[in-house]
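Observations on the model geometry
What follows is each chain in one-letter form.
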Amino acid sequence: MHAWQFDHYGHYGETLHWTERVAPVPGEHQAVVRTAAMSLNFPDLLIIQGKYQHKAPLPAVPGVEGAGIVEAVGRDSKFKIGDRVVGFTHAGGTLADLFVVHNNSAWTVPPHVTDEQAAALSVVYGTSYFGLECRAHLQAGETLLVLGAAGGVGLAAIQLGKLMGATVIACAGDQVKLDICKREGADHGINYKTEDLVERVKALTNGNGADVIYDPVGGEIFDQVKRCIAWGGRLVVIGFAGGKIPSIELNRILLKNMSVLGLAWGQYLDRGMPEPGQAQLKFYDWLAKRQINPVIYRTLPFSEAKEGLRLIESRQVYGKVVIKR
Ligand SMILES: NC(=O)c1ccc[n+]([C@@H]2O[C@H](COP(=O)([O-])OP(=O)(O)OC[C@H]3O[C@@H](n4cnc5c(N)ncnc54)[C@H](OP(=O)(O)O)[C@@H]3O)[C@@H](O)[C@H]2O)c1
């Protein structure tokens, strides 16, 4: 088989190359899937640089999610050959002709879901659903502030926040992205590069602040973000696309009677918990009812995978980049 492989850690432009690679063999509880479509995620940039929490042995293949047809099964796999499935692979591997999935982190795909949708859905909706529903317990009528709102997890958070009955304030770095956020359901948009985030959030919430803050960015802007929370609010820490891991003073947490909640979606899968599979069924149902809609910025052939990574790196992307056969 062929795969986009990196032999050492570094920038994808220099280290990633299309090469022949030994086909994977499924182990216990595993299956091998022939890739129909995969989607790139921000963590792929980190995986290739060796900066991600999970490191596959080198030479390795990026890509943490993909959809396709089961071609081989190991002992006690829940799938059979020919099943159409989607899978999450924490240490990478889907940017290839074939990839391995485990029972804990792969699900069958119903006919109404396209390969592209299947490949684009699990990570971003899984993360945002667990962040908003299972961690923050977002309630109808509350105000949700979404950072990095035009990114993959951000747009999923906007759609799910609206589905849960919240008023959604989207925060992004340019007008094109804010227009996309509005199109996907956001009630208000704030350009954090040109507007005062704290003042605008206060103005939009009668001075109260946001009940729930969904933050996949961290970085420098967090100094303002932490001043935007309502009394009794919940801050969900999703990631650090902004590069810097920020901190928050304990007195602020005390005075605001607030909660700071971490969310690591992949760990629910690694721990073999049933909730991600149950959530996946909900996503398929909401998709059928057009209550959610994975936003696909660009679909590219396998030969243009590096261009897909460049689009994510340059922050042009809104929603997802899908790589398809
Ligand atoms: N906790 C979990 O389980 C989990 C799961 C999936 C992803 N994540 C994390 O969530 C974060 C976002 O992932 P994603 O897939 O949504 O990424 P994405 O599509 O690339 O979006 C990230 C957004 O962050 C903003 N941003 C601010 N500073 C940035 C910088 N220096 N470089 C790049 N983007 C920057 C950008 O918006 P503006 O240009 O508008 O500022 C961009 O739209 C990542 O840190 C990822 O690792 C966490």
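Structure: above.
So, here's what we can say about the structure.

1. With respect to the site of the ligand
Around the ligand, the surrounding shell holds 23 residues, and the nearest of these are Gly173, Lys177, Tyr192, Ile238 and Leu263. Within the backbone of alanine 241, an N or O atom sits 3.2 Å from a nitrogen atom of the ligand. Between a nitrogen atom of the ligand and a main-chain N or O atom of leucine 263, the distance comes to 2.7 Å. Protein contacts shield 86% of the accessible area of the ligand, which totals 900 Å² for the unbound molecule.

2. What about the packing of helix H2 (residues 42–49) against helix H11 (residues 305–313)?
As a packed pair, H2 and H11 sit with axes 9 Å apart at the nearest point and diverge in direction by 110°. As judged from the angle between their axes, H2 and H11 are roughly perpendicular. Of the residues in H11, those in contact with Phe42, Asp44, Leu45 and Ile48 of H2 are Leu309, Ile312 and Glu313. Considering only residue class, the contact of H2 with H11 consists of five nonpolar, no polar and two charged.

3. Some remarks on helix H3 (residues 115–135)
Between its first and last C-alpha, H3 extends 29 Å over 21 residues, near the 30 Å set by a 1.5 Å rise per residue. The sharpest bend along H3 reaches about 45° and sits at leucine 121. The element H3 is extensively covered by neighbouring structure, given that 15 of its 21 residues are classed as buried. Directly beyond the C-terminal end of H3, a positive phi value near 50° is found at histidine 137.

4. Observations concerning the side chain of glutamate 184
Within the element layout of this structure, glutamate 184 appears in the loop between helix H5 (175–183) and strand E10 (188–191). The contact partners of glutamate 184, leaving out residues within four places of it in the chain, are Leu155, Ile158, Gln159, Asn293 and Val295.

5. Focus: the pairing of strand E1 (residues 2–6)
Of all five residues that make up E1, four are buried, and the element is covered over most of its length. Two elements, E1 and strand E2 (residues 16–20), share five bridges in a ladder whose sense is antiparallel. Looking at E2, one finds that glutamine 5 is bridged to histidine 17.

6. Some points on the sheet that holds strand E12 (residues 229–237)
Read from one edge of the open sheet, six strands run E10-E9-E8-E11-E12-E13, paired in parallel fashion. Edge positions in the open sheet fall to E10 and strand E13 (259–262), since each of these has one partner strand only. Each neighbouring strand pair of the sheet contributes to a mean axis angle of 20°, computed without reference to strand direction. Sheet topology note: the strand E8 (residues 143–146)/strand E11 (residues 210–215) ladder contains three bridges and is parallel. Bridge pairing in E11 places leucine 144 opposite valine 212.

Each value, and the rule that gives it
Residues numbered from 1 in each chain as written. Predicted model: local features only at pLDDT ≥ 70, side-chain atom pairs only at ≥ 80, totals over all residues. Heavy atoms only, no water. Near = heavy atom within 4 Å. Polar contact = N/O pair within 3.5 Å; in protein donor to acceptor, adjacent residues only side chain to side chain. Areas by Shrake-Rupley, 256 points an atom, 1.4 Å probe, with all protein chains shown as cover. Axes fitted to C-alpha atoms, helices over the stretch in contact; angles between N-to-C directions. Helix = DSSP H or I, 4+ residues; strand = E, 2+ residues; numbered from the N terminus. Parallel < 35°, antiparallel > 145°, perpendicular 65-115°, else oblique. Contact = heavy atoms within 4.5 Å. Nonpolar A, V, L, I, M, F, W, Y, C, P; charged D, E, K, R; others polar. Expected span 1.5 Å × (residues − 1). Bend = angle between axes of the 7 residues up to and from the residue. Buried < 20%, exposed > 50% of the residue type's maximum accessible area, 1.4 Å probe, protein only. Pairing = 2+ DSSP bridges.

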